[in-house]
Amino acid sequence: RVTCMTSLPRCSTISRASTKKGEAAREMTAAVSSEPAVAGTALTDCLAVANHGPAEARDVVVRDLLPAGASLSSASPGCALSGVLVVCALVDPIPAGGTVGLHLTVALDPALVHDAGAAVSLTNRATVSGSQPDTDLTNNIDVDTTTVHAETDLSVSSLSAEFAAPAGVGDPFVLNLEGGVRNHG
């Protein structure tokens with residue numbers, strides 16, 4: 001499991017202040033557990049929502065748009081899939097100065113890179129909103145791009161060789177090879 005505040009540095013570099021009474025200055029930060037990612041594996045998105053105050057943030061909703069080639073495998077409690085949009089409605093308010101971390105685990109389509117013919121970039125877009133005014137909406141969205149590439153793990157399971165006909169030194173010959181090659185990746 002990925003921990004937002006310790007394992008992913010982009011989630012721990014949150015700083016902003018607000019001094020307007022009644023405001024809940026929210027900030028959205030997104031990061032992924034692996035860069036680059038491998039097609040056919042799982043990837044964990046870390047979403048951190050910070051409230052810079054001075055008021056507590058109530059009715060906070062995080063929306064994360066899944067990119068093509070990614071499907072939701074699991075999510076933090078309170079998150080649900082609606083089409084290609086993951087919606088996380090936070091039950092508890094976020095106190096001023098507080099941060100809440102959410103995790104989304106997505107499965108990457110194994111054919112994603114093969115179909116494209118090369119490594120691809122997936123763009124993850126997450127937003128946060130709440131019921132209090134927020135005068136700086138520019139930090140309520142975060143976009144994170146991850147490169148996805150393919151990996152293979154080839155093995156030869158058996159191999160046998162047979163000469164089609166005896167050959168003398170310097171004579172051409174035919175060699176029949178039989179065996180199996182398997183891709184585990």
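Refer to the preceding data block for the structure.
Residues numbered from 1 in each chain as written. Predicted model: local features only at pLDDT ≥ 70, side-chain atom pairs only at ≥ 80, totals over all residues. Heavy atoms only, no water.

Peer 1: Looking at this structure, I do not really get the overall build of the protein. What am I missing?
Peer 2: Of regular secondary structure, the protein possesses two helices and twelve strands. Along the chain direction, N to C, the helices and strands of the protein fall in the order α-β-β-β-β-β-β-β-β-α-β-β-β-β. Look at the contacts in the protein between residues 6 or more apart in sequence, and 69% of them connect residues 24 or more apart. In the structure as shown, the protein presents an accessible area of about 10400 Å², 55% of it carried by carbon and sulfur atoms. (Helix = DSSP H or I, 4+ residues; strand = E, 2+ residues; numbered from the N terminus. Contact = heavy atoms within 4.5 Å. Areas by Shrake-Rupley, 256 points an atom, 1.4 Å probe, with all protein chains shown as cover.)

Peer 1: I would appreciate a short explanation of empty space enclosed by the protein in the present structure.
Peer 2: This model, assessed by the stated rule, comprises one cavity of 30 Å³ or more. Forming the boundary of the largest cavity are ten residues, of which L43, D45, P67, L122 and N124 lie nearest the centre. (1 Å grid on protein atoms, 1.4 Å probe; cavity = no way out; pocket = protein on both sides within 12 Å on 5 of 7 lines; lining within 4 Å. Points joined across faces, edges and corners; volume = space filled by probe spheres on them.)

Peer 1: Sorry, what's going on with the side chain of N51 here?
Peer 2: Relative to the helices and strands, N51 is located in strand β3 (residues 42-54). Judged by its relative accessible area of 1%, N51 is buried. From its side chain, N51 meets the backbone oxygen of A55 in a polar contact 2.9 Å long. (Buried < 20%, exposed > 50% of the residue type's maximum accessible area, 1.4 Å probe, protein only. Polar contact = N/O pair within 3.5 Å; in protein donor to acceptor, adjacent residues only side chain to side chain.)

Peer 1: What is the right way to look at the nonpolar core in this model?
Peer 2: Here is a general trend for soluble globular proteins: nonpolar side chains tend to be buried in one another's company. Residues V60, V62, C88, L102, L108 and V148 are the most contacted members of the largest nonpolar core, which totals 26 residues. For this core, the secondary structure elements donating two or more residues are β3, β7 (85-89), β8 (99-108), α2 (112-116) and β9 (120-129). Excluding its chain neighbours within four sequence positions, the residues that come into contact with L108 are A37, V38, A39, G40, T41, L43, G69, A70, L122 and V148. (Core = buried A, V, L, I, M, F, W, Y, C linked by side-chain atoms within 4.5 Å.)

Nothing here speaks to function; it is geometry throughout.
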